[in-house]
Structure formats: C-alpha cells, structure tokens
Amino acid sequence: MFRFEEPAYLYLLLLLPLLAVFYLYSNYRKRKAIRKFGDPELMAELMPDVSKYRPDVKFWLTFAAIGLFAVLLARPQFGSKLETVKRQGVEVMIALDISNSMLAQDVQPSRLAKAKRLVAQLVDKMENDKVGMIVFAGDAFTQLPITSDYISAKMFLESIDPSLISKQGTAIGAAVSLATRSFTPQEGVGRAVIVITDGENHEGGAVEAAQAAAEKGIQVNVLGVGMPDGAPIPLEGTNDYRKDRDGNVIVTHLNEQMCQEVAKAGNGVYIRVDNTNNAQKAIGQELDKMAKADVETQVYTEFNEQFQAVAWLVFLLLLAEMLILERKNPLFRNIHLFSNKK
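## Observations regarding the packing of helix 6 (residues 172-180) against helix 7 (residues 206-215)
Inference 1: Interaxial distance between helix 6 and helix 7 falls to 7 Å at its minimum, and their mutual angle equals 15 degrees. By the criterion of interaxial angle, the relationship of helix 6 to helix 7 is roughly parallel. Like other packed secondary-structure pairs, helix 6 and helix 7 cross with a definite hand, here left-handed. Contacts between helix 6 and helix 7 involve Ile172, Gly173, Val176, Ser177 and Thr180 from the first element and Ala206, Ala209, Ala210 and Ala213 from the second.
Inference 2: Residues that form the contact of helix 6 with helix 7 fall into these classes: 6 nonpolar, 3 polar and no charged.

And the structure:
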C-alpha cells in the first residue's frame, strides 16, 4: 500500500503550472525583443556561443526537481506489513435506489443526490465498522463488497447514477435478499441493511425479504427519500419532464406506507429523508445502539519511508542542471571550425 504521511505538501505542486506559464511567457517576450534588433537567424550567427536549447533543458530539470521536492516533503511511504486486526464495530450493507424516480427534486438537489450525500456523511462517521453498497432499480447488484476501506466506498459512491441499471423499477426485495447474502460469515457481529428508496414502482417481495433477514438477526432499516406530495421527474440534459404514453407529466410520490411495512418486517426503523440532516443523525443513532463485536480487518501496520529515493532523484536533477552550461562550450566550437577548414 502506498501513501503520503504529509499529503498537505502536495498542494505545492499547484505552483508548477504557474511556474511553467511564467517561463514560457518570458521566452516569448525575449524572442519578441530579439526580433526588434534584427533577423533571428542573423542574430544567432552573431552570437555563436549562445545555445538555443540549453536554457530550456536547465529550466525543465529545475522544474522536475521542484515537483519531486514537493513529493519529498509529503513523505511517500510503502506499506510493508499486512496484519489482520480485530476492532469493535458492526457491518452495514447500504441498498441505494437508483431508479429514474430518484431524480425528482422535491428533496434538494435531488432525491438521489441527497441520498448519496447522506451515505457519504454516514461513511465519514464510521471508524471500525464495515460497509458495502448495493444499487437497485428493476434489478439489484453489488456495487461495493463489504469492506473497511472507506476511501474506496466514497469513490464508488460518486460513480453511482441511474445509467448503471437499464431495467427500471424498484426491486427492493431483490436488493434486501442480496444484502442479506453479502455479509461476512463472522459470528457475533451486529449487522444492518439500510434501504434508501422512494418506494416507487414496488415490485413485491420486499416485506418477505425483510422478514427473512430479521430471522437471521439482520436489522433492515428504510430511509424514505422524497415527499408524499410528489414531484415530476426531470429529463436529464433538458428543461422538460418525463411523460407517460398519453403525454402527461409523470409525478412520483414517496410511498411511505410500503417503506414502513418493510422496516417493521425487518425489525428496523423507518426514517424520512427531507431537506434537513435529521435522517443522517437518526440512522447514526440507530447503528450506535447495535451490539458491536470484534470485526476482523486487514491493515498495514508498518510503513517504510521512500524519501531517500526521491531525494537522490532531486540531487541528480539539480547536479545535471549545474553541469549544463547555458552557453556552448568554446572548445567544441573551435574543434568544429577546425574540422571544417580541413
């Protein structure tokens, strides 16, 4: 595993584009000034010792050295020892509805965007827990197997959108069943499924799947995203809304009754997600109530510093920059003239 002990120093790399632009602009001004004195080719013959390319080589060597020096300050490290450790935590599978109805904007900025933000906040609060993600519409599939790698979890979360599943619908039953099979075989650990949906186009089997999960000791919680009054579904890339076959604008409503039935069958809680942060706090408190057991996870416990290699590269680049003269070596020019006379 590769990491930086002091990643804040990597922000120094943002100075490199500014440095490059400044250098290129300076060269442009220099060439423009030379043209005022005469033809560039004639000026080059009058200044035979001036090299056209060496100043550029020297600059880019210095440029690379500055970039590597920023990396050096960030202290690059490689993980050298992978160990299995035990920590107190729970396992959580998040089943996220990505059907088109989740694009409705009765919850800002949209139901799906609000749900993704809620999940990100939930992951940020995790310390020793494990999390996995399932996305569903007409079908359900695993987006992220259960893991304690929260960085990967948030990366996968960012890539979620309705285009991942072409079949429309809301297969909550399939999502809960898949989540139930996705936990680790470890015994004694608290397990919970969090279904985030608006409950539209319910396809059946959700209550039965929640009951089956509860029988295995898995709590099924449901977060209902949206408002009962409903909202139209925007057509992406346009200012229009989705319409039915008769040309009427489709209005999608939060099906709270169905969400409550699933949560009750799964021995969990139902929470409505609105434009506040109350839902995130409520589900966090519910997870805190769960019995936490030893969760096994693999982590790197030792890291080797790699700054020596980077330091040598910086040294060699600066040494090369010092050894390269901006002007041509007169000795080589005299040898060239002598050979021409022969």
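Having seen the model, we can carry on.
## Notes on the environment of Val225
Inference 1: Along the chain, Val225 turns up in strand 6 (residues 218-225).
Inference 2: Judged by relative accessible area, Val225 falls into the buried class, the value being 0%.
Inference 3: Spatially, the C-alpha atom of Val225 lies 9.1 Å from that of Asp106, the residues being 119 residues apart in sequence.
Inference 4: For Val225, the residues in contact, after removing those within four places along its chain, are Met102, Arg111, Ala115, Ile196, Thr197, Asp198, Leu254 and Val273.

## Details of the confidence of the model for the protein chain
Inference 1: Per-chain confidence: the protein chain averages 84 in pLDDT, with 82% of residues scoring 70 or above.
Inference 2: Scored below 50 in pLDDT, residues 335-339 shows 0 contacts in the model against residues more than four places distant or in partner chains.

## Some remarks on the side chain of Lys116
Inference 1: Here Lys116 shows up in helix 4 (residues 111-125).
Inference 2: Notably, Lys116 is buried but unbridged: the nearest opposite-charge side chain belongs to Glu158, and the N-O separation is 5.2 Å.
Inference 3: Once you skip the residues sitting within four places of it in the chain, Lys116 turns out to touch Leu96, Leu157, Glu158 and Ile160.

## Here's the deal with the nonpolar core
Inference 1: Counting 35 residues, the largest nonpolar core has Ile94, Leu96, Met133, Ile194, Ile196 and Leu223 as the members making the most contacts within it.
Inference 2: Take this core: its biggest share by element is 7 residues, from helix 4.
Inference 3: Counting residues in each nonpolar core, the second largest holds 27 residues, with Phe136, Ala213, Leu254 and Val262 among its members.

## Looking at the pattern of salt bridges
Inference 1: Taken as a whole and assessed by the stated rule, the structure comprises 9 salt bridges.
Inference 2: Of the charged contacts, one joins Arg191 and Glu91 as a salt bridge, the two residues approaching to 3.4 Å between their closest N and O atoms. Here the residue Arg191 occupies a position in strand 5 (residues 190-197), and Glu91 occupies one in strand 2 (residues 76-97), the gap between them amounting to 100 residues.
Inference 3: Look at the salt bridges and you will find they share partners, linking Asp106, Arg111 and Asp198 into a network.

About the thresholds
- Residues numbered from 1 in each chain as written.
- Predicted model: local features only at pLDDT ≥ 70, side-chain atom pairs only at ≥ 80, totals over all residues.
- Heavy atoms only, no water.
- Axes fitted to C-alpha atoms, helices over the stretch in contact; angles between N-to-C directions.
- Helix = DSSP H or I, 4+ residues; strand = E, 2+ residues; numbered from the N terminus.
- Parallel < 35°, antiparallel > 145°, perpendicular 65-115°, else oblique.
- Left-handed = near helix turned anticlockwise from the far one by under 90°.
- Contact = heavy atoms within 4.5 Å.
- Nonpolar A, V, L, I, M, F, W, Y, C, P; charged D, E, K, R; others polar.
- Buried < 20%, exposed > 50% of the residue type's maximum accessible area, 1.4 Å probe, protein only.
- pLDDT = per-residue confidence, 0-100.
- Lys, Arg positive; Asp, Glu negative; His and termini not counted.
- Salt bridge = Lys/Arg side-chain N within 4 Å of Asp/Glu carboxyl O.
- Core = buried A, V, L, I, M, F, W, Y, C linked by side-chain atoms within 4.5 Å.

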